[in-house]
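# A structural walkthrough
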Amino acid sequence: MEYCLTEQQKMIKNLARRIAEEKILPVRAALDENEEFPWAIMRDLAESDMFRVFIPEEYDGLGGGCLELCLVVEEISRVCAGVAVSYAVSALGSFTLLEYGTEEQKQKYLPDIASGKKLAAFALTEATAGSDASAIKTTASREKGGYVINGTKQFITNGGDAEIYTVVALTAKEKGARGASMFLVEKETPGFSFGKKERKMGIRSSSTRELVFRDCLIPEENRIGREGTGFIMAMRLFDRSRPGIAAQAVGLAQGALEASVDYARQRIQFGHPIISLQAIQHMLANMATDVEAARALVYATAKTIDSGAKNISMESSMAKVFASDVAMRVTTDAVQIFGGAGYMRDYPVEKMMRDAKIIQIYEGTNQVLRDTIASGLRKRRTTSE
Ligand SMILES: Cc1cc2nc3c(=O)[nH]c(=O)nc-3n(C[C@H](O)[C@H](O)[C@H](O)COP(=O)(O)OP(=O)(O)OC[C@H]3O[C@@H](n4cnc5c(N)ncnc54)[C@H](O)[C@@H]3O)c2cc1C
């Protein structure tokens with residue numbers, strides 16, 4: 001389908017596809033098997049200016065936004081969703097700075113993210129604070145002319161590999177979510193270390209670690225935004241970043257669809273390719289329709305965000321919920337179309353099915369986001385608003 005992309009957007013999408021096919025495809029199975037962080041690919045993406053696409057020109061970016069990010073994430077995910085999330089989370093880290101950072105913070109950090117010299121990460125989740133992110137316990141107390149951070153973050157993508165961490169911590173414990181603030185913490189800061197690396201079902205080339213803060217002193221100028229606004233900033237940030245994760249789902253589902261068509265064309269049973277069976281054709285037709293619908297919703301949401309629209313919790317939640325459910329369904333059907341072969345690691349679709357599951361869970365579980373969508377419906381006075 002034609003989505004009226006600009007010449008630059010088409011160029012970005014094509015370049016991302018080329019990198020995915022030339023650099024990622026040959027190593028994706030090994031990266032998954034070895035649970036290895038894709039450093040070489042991060043360098044390839046950096047050299048091709050892929051980290052610049054979502055950053056404004058004044059900070060050494062190419063001036064794109066959410067849609068450009070989605071195009072790149074989609075193309076990488078079509079080949080490997082694990083590599084894609086390591087890339088996408090760097091954008092999540094930079095969105096915080098772009099939206100709420102001071103000019104000094106932007107000048108200090110964004111050019112290095114744009115060049116791909118430094119990866120970023122975003123740390124909100126803790127052992128007792130997942131869906132209920134307001135239950136965080138990590139504290140940042142004003143001491144020694146700055147803030148001293150204490151606590152442990154869990155399940156942090158790019159943990160240990162990123163250089164720049166956006167961390168949400170309580171500056172006023174008694175106020176709960178209203179006492180949360182946001183901070184930038186650099187990797188080498190004393191008192192900041194990394195806990196265990198998680199062993200995951202899917203997206204295994206991405207790293208997911210604990211962040212441990214023990215009397216970690218950071219300067220006052222590393223606070224992003226005002227004290228007490230950390231939680232609300234985080235929620236707004238997710239509204240903006242969710243289409244990127246939804247694009248991960250679209251790319252993954254597209255990859256599974258293509259693999260299924262190819263396999264169904266060449267697999268012979270009862271003397272004919274299985275693609276001649278109506279049962280298989282209808283599965284493929286449903287998969288293709290789902291993928292295209294998800295893509296249309298994700299691009300439309302990204303364009304809405306890039307147009308400057310503010311209240312987009314409902315739309316960005318819809319994009320993430322719909323696209324991730326599509327990815328789960330399509331990858332599961334892909335395994336079915338491959339039959340027994342689909343269950344084997346020799347073929348790509350079992351990895352795709354494992355990779356798809358996480359997209360229904362992170363950046364807000366699909367259950368919680370359905371609540372967000374329903375709450376948006378309740379608040380809007382008429383359905384046409
Ligand atoms: C691989 C991976 C990478 C991640 N990366 C990051 C990262 O970079 N940064 C970060 O901060 N976090 C990250 N996370 C955390 C992720 O966002 C959380 O796992 C997610 O928000 C869910 O929280 P939880 O795991 O504690 O599940 P829980 O909140 O314990 O949920 C358990 C179940 O209960 C349901 N549930 C909970 N509350 C409700 C409710 N109110 N209504 C309906 N159902 C509900 C959930 O939907 C789910 O099915 C990552 C997680 C994983 C697994």
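This text follows the structure it describes.
Here goes a summary of the coordinates provided. (Residues numbered from 1 in each chain as written. Predicted model: local features only at pLDDT ≥ 70, side-chain atom pairs only at ≥ 80, totals over all residues. Heavy atoms only, no water.)

## Considerations on helix α5 (residues 81–100)
- For α5, which comprises 20 residues, the first-to-last C-alpha distance of 29 Å matches the rise-based estimate of 28 Å (1.5 Å per residue) to within 8%.
- Here α5 lies mainly inside the structure; 18 of its 20 residues are buried. (Helix = DSSP H or I, 4+ residues; strand = E, 2+ residues; numbered from the N terminus. Expected span 1.5 Å × (residues − 1). Buried < 20%, exposed > 50% of the residue type's maximum accessible area, 1.4 Å probe, protein only.)

## As for the packing of helix α4 (residues 66–79) against helix α8 (residues 278–306)
- One way to put it is that α4 packs onto α8 with a least axis distance of 7 Å and a crossing angle of 150°. Overall, the two elements α4 and α8 adopt an arrangement that is roughly antiparallel. Two secondary-structure elements touch here, α4 through Cys-66, Leu-67, Glu-68, Cys-70, Leu-71 and Glu-74 and α8 through Arg-295, Val-298, Tyr-299, Ala-302, Lys-303, Ile-305 and Asp-306.
- The class makeup of the residues in the contact of α4 with α8 is 8 nonpolar, no polar and 5 charged. (Axes fitted to C-alpha atoms, helices over the stretch in contact; angles between N-to-C directions. Parallel < 35°, antiparallel > 145°, perpendicular 65-115°, else oblique. Contact = heavy atoms within 4.5 Å. Nonpolar A, V, L, I, M, F, W, Y, C, P; charged D, E, K, R; others polar.)

## Concerning a negative patch on the surface
- Among the surface-exposed residues, Glu-57, Glu-58, Glu-103 and Glu-104 lie close enough to one another that they form a single negatively charged patch.
- Looking at where Glu-104 falls in the secondary structure, it is placed in helix α6 (residues 103–114).
- By relative accessible area, which is 59% here, Glu-104 ends up exposed. (Patch = residues over 30% accessible without salt bridge, like charges linked within 9 Å, V, L, I, M, F, W, Y side chains within 5 Å. Areas by Shrake-Rupley, 256 points an atom, 1.4 Å probe, with all protein chains shown as cover. Salt bridge = Lys/Arg side-chain N within 4 Å of Asp/Glu carboxyl O. Lys, Arg positive; Asp, Glu negative; His and termini not counted. Charge placed at Lys NZ, Arg CZ, Asp CG, Glu CD.)

## Some thoughts on the site of the ligand
- Around the ligand sit 19 residues, and of these Thr-125, Ser-131, Phe-155, Thr-157 and Thr-365 come closest.
- For the ligand, a nitrogen atom lies 2.8 Å from a polar atom in the backbone of Phe-122.
- Expressed as a share of its isolated accessible area of 970 Å², the protein-covered part of the ligand is 64%.
- At the level of elements, β1 (120–123), β3 (146–157) and α11 (366–379) are the ones that each hand at least two residues to the shell around the ligand. (Near = heavy atom within 4 Å. Polar contact = N/O pair within 3.5 Å; in protein donor to acceptor, adjacent residues only side chain to side chain.)

## A closer look at the pairing of β3
- Across the 12 residues of β3, 9 count as buried, placing the element largely inside the fold.
- The sheet contact formed by strand β2 (residues 139–143) and β3 spans 5 bridges and is antiparallel. Each residue of the ladder has a partner; that of Arg-142, found in β3, is Tyr-147.
- Here β2 folds back onto β3 in antiparallel fashion, the turn holding 2 residues, of which Lys-144 has a positive phi close to 50°. (Pairing = 2+ DSSP bridges.)

## Things to note about the packing of α5 against helix α7 (residues 230–266)
- For the pair α5 and α7, interaxial distance at closest approach is 10 Å and the crossing angle is 155°. In terms of orientation, α5 and α7 fall into the roughly antiparallel class. Between α5 and α7 lies a crossing of right-handed hand. Residue-level contacts link Ala-81, Val-85, Leu-92, Phe-95, Thr-96, Glu-99 and Tyr-100 of α5 to Met-233, Arg-236, Leu-237, Phe-238, Arg-240, Ser-241, Ile-245, Gln-248 and Leu-252 of α7. (Left-handed = near helix turned anticlockwise from the far one by under 90°.)

## Quick look at empty space enclosed by the protein
- All chains considered together, the criterion is met by 1 cavity of 30 Å³ or more.
- In this structure, the largest cavity encloses a volume near 40 Å³.
- What lines the largest cavity is Leu-69, Ala-88, Val-89, Ala-91, Leu-92, Phe-95, Ser-241, Gly-244, Ile-245 and Glu-363.
- Listed by contribution, the elements that provide at least two residues to the lining of the largest cavity are α5 and α7. (1 Å grid on protein atoms, 1.4 Å probe; cavity = no way out; pocket = protein on both sides within 12 Å on 5 of 7 lines; lining within 4 Å. Points joined across faces, edges and corners; volume = space filled by probe spheres on them.)

## Concerning the nonpolar core
- By size, the foremost hydrophobic cluster in this structure holds 121 residues, and its most contacted members are Leu-45, Phe-54, Tyr-87 and Phe-122.
- Broken down by element, this core gets its largest block of residues, 16 residues, from α7.
- Discounting residues that sit within four places of it in the chain, Leu-45 has contacts with Ile-19, Met-50, Phe-51, Ile-76 and Tyr-87. (Core = buried A, V, L, I, M, F, W, Y, C linked by side-chain atoms within 4.5 Å.)

## So, the packing of aromatic side chains
- On inspection of all chains with the given rule, the structure shows 14 aromatic pairs.
- Judged by centre distance (6.0 Å) and plane angle (75°), the rings of Phe-54 and Tyr-87 are edge-to-face. With a gap of 33 residues between them, Phe-54 in the loop between α3 (39–47) and α4 and Tyr-87 in helix α5 connect regions that are remote in the sequence.
- A residue is classified by how much of its surface remains accessible, and Tyr-87, at 0% relative accessible area, is buried.
- By the ring-pair criterion, three or more aromatic residues cluster together here, those being Phe-51, Phe-54, Tyr-87 and Phe-95. (Phe/Tyr/Trp six-rings, centres within 6.5 Å; stacked < 30°, edge-to-face > 60°.)

So yeah, pure geometry; function would need other evidence.
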